[in-house]
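In case you want the letters, here they are:
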Amino acid sequence: MKSPASLKRAAEWALPYWTRGQAGRETPQDLFRVLYFGWLVAFTLKLLGSAWDVSWHFKWLRDDLAPPHLLNSAGTAIAVALTIIHGYTGYGVDKAALRLIQWGTGIFLVAVPLDLINHRVNGLDITSWSPSHIMLYLGTFFMIAGVLRGWFMGAPPGQERTVVLGAFFAFFLENVHFPEQHQEYGILSIGAWDNHATYAEQILLQFAADQMGRPVDRPMMVAFSLPVPDFLYPVYAVVVGLSVLVVARLLIGRFGAATLVAGAYVGVRTLLWPLLTFTGFPPSAVPFFLVVAGLVVDLAFLVRMPYVRAVLGSVGVTAAAYGALVAQSAIMGGVYSAITGQKGLLGAPPPATSSAVWAGLGLLVVWLAVEWLAARRRGSQPIEARVIATATP
């Protein structure tokens, strides 16, 4: 805990900056770093809270004041404070970044009471894909997009700029992939049921069964654990999740950027897995396939022609993602079965391989749009201001 003297010095440093200003205001470098390292803290708390939250809801009945919610709320409080600082002072953001941050924070804050009302009216929210939850992800989406833009436009060139940009993209990937954790936890919960074990407390299972109007049986477990079509998991992962890696590679501009962003997210999930599992919470499948797909994204950027790169990259990345999903399901399922002694558990949600064509087409559309926007941006700027990241492999 900081001493009163250190708090006083911090206040004396910060108070002179608390003046009204317009977005785009010239920002001292020390203030710029404090603001964006504050965002890193906020997103870290939100990531830890959200990761714990999914596991919590596969074990206990929902509780508004559950520890994961409180941890997430601490991150949200910091985000709201930073949004107010940016908006009032104009420091650290241009107009576009500020609008994204403000809209994202606003959508998130509106979604919170709507989600509480939804649970009061409907009881358990069986899926993370519900409208009120999607509003939470959408608000965070815009919030992180604004922070990404602010850092990208304002940070001086150098290693710190690249590393922090990669960290923000990892948070971005975590947010868009978050709803898929329902299937990643769900597939192992069904496997546990088939092995005459359950991760959820009986009160949660009975509550869900009563809400569905049926006994606690396997169909109820499937409806609770995998309430969406099987194709949604791989299609969403390829079209949305891997699009984040394409944009990350384009803006960071270094070979290996997409792989490292995916690896950072998957690494956090891997570290959290034993912390949650060995403390009595349900386990989840970990999306290792994202790292393989990220590597193929990086390889695709060795192709110099943007639109050819988008076509070849979409085919290669989709094939790699689906292939890695199938392999992960077999390999990690075997490893988990060896550790637990439970047979037949999958190491990934069903890959629904017949959906690969649609996933590839969706990724192609997004990738072509990203390449078009990047080319348009390069063409509209003087050469000295062009984004170096899009011109180097």
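Predicted, not measured: the structure shown is a model, and the values here were computed from it. (Residues numbered from 1 in each chain as written. Predicted model: local features only at pLDDT ≥ 70, side-chain atom pairs only at ≥ 80, totals over all residues. Heavy atoms only, no water.)

1. What to know about the packing of aromatic side chains
Heads up, the rule is: Ring geometry is summarised as follows: Phe, Tyr and Trp rings, the Trp one being its six-membered ring, pair when their centres sit within 6.5 Å, and such pairs are stacked at plane angles under 30 degrees, edge-to-face over 60 and tilted between the two. Throughout, exposure labels follow a simple rule: accessible area from a 1.4 Å probe, protein chains only, divided by the maximum for the residue type, with under 20% read as buried, over 50% as exposed, and the rest as partly exposed.
The tally for this structure, following the rule as stated, stands at 18 aromatic pairs. Geometrically, the ring pair formed by Trp273 and Phe278 is edge-to-face, given 6.5 Å between the ring centres and 85° between the ring planes. On the basis of relative accessible area, Phe278 is assigned to the exposed category, the value being 69%.

2. A short note on helix H7 (residues 181-194)
Each full turn of the α-helix corresponds to 3.6 residues, which orients residues three or four apart in the same direction. Cut-off, in case you're wondering: Think of it this way: any DSSP run of H or I at least four residues long counts as a helix, any run of E at least two long counts as a strand, and we number them from the N terminus. Multiplying 1.5 Å by the helix residue count minus one yields the expected span of that helix. Contact between two residues is taken to exist if any of their heavy atoms lie within 4.5 Å; hydrogens are not considered.
Between the first and last C-alpha of H7 there are 20 Å, a value that for 14 residues agrees with the 20 Å anticipated at 1.5 Å per step. In terms of burial, H7 is a largely internal element, twelve of the 14 residues being buried. Taken together, the buried residues of H7 touch helix H2 (29-57), helix H6 (159-177), helix H9 (218-225), helix H10 (232-252) and helix H11 (257-277). Positive backbone phi, at 60°, marks His196, one or two positions downstream of H7.

3. Looking at the environment of Ala81
You can see Ala81 is positioned in helix H3 (residues 67-89). A relative accessible area of 36% places Ala81 in the partly exposed class. Sequence spacing of Ala81 and Gly38 is 43 residues, and the spatial spacing of their C-alpha atoms is 9.7 Å.

4. Quick notes on the side chain of Asp94
Here is the rule: Polar contact is the term for a pair of N or O atoms within 3.5 Å; when the atoms are in protein, one must be able to donate a hydrogen and the other to accept it, and sequence-neighboring residues count only if both atoms are side-chain atoms.
Here Asp94 shows up in the loop between H3 and helix H4 (95-122). Side-chain polar atoms of Asp94 contact the backbone nitrogen of Ala97, separated by 2.8 Å.

5. A short note on the pattern of salt bridges
Side chains that carry opposite charge are capable of pairing whenever their charged atoms lie near each other. The test is simple: Salt bridges are defined as contacts in which a side-chain nitrogen from Lys or Arg sits within 4 Å of a carboxyl oxygen from Asp or Glu.
This structure, assessed with the given rule, holds five salt bridges. The partner of Arg33 in a salt bridge is Glu160, and the shortest N-O contact between them spans 2.8 Å. Linking Arg33 in helix H2 with Glu160 in helix H6, this pair joins segments that are 127 residues apart in sequence. A relative accessible area of 33% places Arg33 in the partly exposed class. Arg309 is the partner of Glu371 in a salt bridge, and the nearest nitrogen-oxygen pair spans 2.9 Å. Residue Glu371 is found in helix H14 (residues 356-379), and its partner Arg309 is found in helix H13 (residues 306-340); the two are separated by 62 residues along the sequence. There is no split in this pair, since Glu371 and Arg309 are both buried.

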